[in-house]
Amino acid sequence: MLVSVSILSCNNKEAAVRNLNFSSADYLHIDFMDGKFTKKKSLKIKEIREISKYSVKKLDVHLMVTKPKKYIKKLAEVNASYMTFHIEAGGKKTKDYLNLIKSYEIKAGLAISPNTSIDILEEYIEDVDIILLMSVHPGAGGQEFLEETPKRLQELKTLCQEHNVSPLISVDGGINDKTMNLVKDVDMIVAGSYVTKSKEYEQNIQSIKNITK
Ligand code: DX5
Ligand code: ZN
């Protein structure tokens with residue numbers, strides 16, 4: 001299982017990133033919020049650029065914004081392996097934005113909020129490298145895992161099978177020692193507070209990595 005660690009809930013983000021440098025986390029999950037798509041704002045572009053300089057881990061950028069194009073361009077140089085924006089924000093330009101991300105040689109994908117029907121991903125399922133299935137409402141770390149997530153995950157898997165595609169499936173929000181077992185058949189788990197609020201980052205990262213399907 002791939003593990004991407006979110007530092008959204010950390011007060012001292014630099015210390016958290018430096019700690020993660022010594023861990024077996026696969027990616028550093030960066031939650032960027034514009035204060036419009038979500039109520040709160042998080043991290044400034046400048047701060048993300050700084051983080052990317054001292055992070056050994058490659059970035060997994062999650063854009064929670066109403067205007068993806070602007071931020072895709074601004075964050076193209078931060079050593080990201082993955083960049084996702086919300087399907088709720090993409091509108092008619094969704095394919096253009098996916099192509100824009102790919103043009104920077106970053107794997108491109110769509111994030112989907114809990115209240116959005118999985119069906120609407122069908123139009124783009126052959127164009128994405130990654131789907132970020134939200135298991136909490138976007139906007140904050142430390143929320144409770146939504147119980148409908150496993151059912152939504154199965155719907156997403158079925159959709160991929162019907163189209164004979166296998167984008168990387170990542171689940172984001174409310175992951176802990178119990179909920180991780182409900183999403184065993186994803187490729188990547190995003191974990192925030194479960195890792196960063198613990199004393200031993202590595203121990204909790206390992207517990208996710210060791211999930212057997
Ligand atoms: C929520 C963010 C998540 C969040 C995960 O809007 O997209 O990445 O930080 O944090 P936890 O694991 O604490 O729910
Ligand atoms: Zn996220």
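So, here is what we can say about the structure in this document. (Residues numbered from 1 in each chain as written. Chains lettered and ligands numbered in written order. Predicted model: local features only at pLDDT ≥ 70, side-chain atom pairs only at ≥ 80, totals over all residues. Heavy atoms only, no water.)

1. Points about the site of ligand 1
Convention followed: Think of it this way: one heavy atom of a residue within 4 Å of a molecule or strand is enough to make that residue near it. What qualifies as a polar contact is a pair of N or O atoms within 3.5 Å, subject to a donor-acceptor requirement within protein and to the restriction that residues adjacent in sequence count only when both atoms come from side chains. Where helices and strands are cited, they refer to DSSP runs of H or I of at least four residues and of E of at least two residues respectively, numbered from the N terminus. Throughout this entry, Asp, Glu, Lys and Arg are counted as charged residues, while Ala, Val, Leu, Ile, Met, Phe, Trp, Tyr, Cys and Pro are counted as nonpolar. The remaining residues, Gly among them, count as polar.
Contacts to ligand 1 come from 18 residues, most closely from G139, G142, D172, G192 and S193. Take H29: an N or O atom from its side chain is 3.3 Å from an oxygen atom of ligand 1. At 2.8 Å, a backbone N or O of G142 approaches an oxygen atom of ligand 1. Of all the secondary-structure elements, those providing two or more residues to the shell around ligand 1 are β2 (27-34) and β4 (58-64). Grouping the amino acids of the shell around ligand 1 by side-chain chemistry returns six nonpolar, 10 polar and two charged.

2. What about the coordination of the zinc ion (ligand 2)?
This is how it is decided: Water is not part of the atom set, so a site may look incomplete; the donors themselves are N, O and S atoms within 2.8 Å of the metal, or 3.2 Å for Na, K and Ca. Only four donors with every angle between 85 and 135 degrees are called tetrahedral; only four or six donors with opposite donors over 155 degrees apart and all others between 65 and 115 are called square planar or octahedral, in that order; all others are irregular. Throughout this description, buried means an accessible area under 20% of the type-specific maximum (1.4 Å probe, protein chains only), exposed means over 50%, and partly exposed covers the range between.
For the zinc ion (ligand 2), every protein donor is listed as H29 (NE2), D31 (OD), H62 (ND1) and D172 (OD), and the spread of their distances is 2.0 to 2.3 Å. For the zinc ion (ligand 2), the six donor atoms are set out with angles of 71 to 170 degrees between them, so the coordination reads as octahedral. All donors to the zinc ion (ligand 2) come from one chain, and their sequence spacing reads H-x1-D-x30-H-x109-D. In this pair, H29 is assigned in strand β2 and D172 in strand β8 (residues 168-172), connecting sequence segments 143 residues apart. Like H29, the residue D172 is buried in the burial classification.

3. Here's the deal with a positive patch on the surface
Just so we agree on the cut-off: Every patch collects residues that have over 30% relative accessible area and no salt bridge, joining them within 9 Å if they carry like charges and within 5 Å if they are nonpolar side chains (Val, Leu, Ile, Met, Phe, Trp, Tyr). Every accessible area reported is derived by Shrake-Rupley at a probe size of 1.4 Å, with residue values counting cover from the shown protein chains alone. A pairing counts as a salt bridge when a side-chain nitrogen of Lys or Arg comes within 4 Å of a carboxyl oxygen of Asp or Glu. Positive residues here are Lys and Arg, negative ones are Asp and Glu, while His and the chain termini are left out of the count. Each charge is placed at NZ for Lys, CZ for Arg, CG for Asp and CD for Glu.
A contiguous patch of positive charge, built from K36, K41, K44, K46, R49, K67, K70 and K74, is present on the exposed surface. Broken down by secondary-structure element, the contributors of at least two residues to the positive patch are α2 (45-54) and α3 (68-74). Looking at where R49 falls in the secondary structure, it is placed in helix α2.

4. A look at unusual backbone geometry
One non-glycine residue with positive phi stands out, namely L43, at about 35 degrees. Of note, L43 is situated in the loop between β3 (41-42) and α2. Phi is positive for N79, close to 60 degrees, though the residue is something other than glycine. One can find N79 in the loop between α3 and β5 (80-86). Residue N79 is classed as partly exposed on the basis of its relative accessible area, which comes to 41%.

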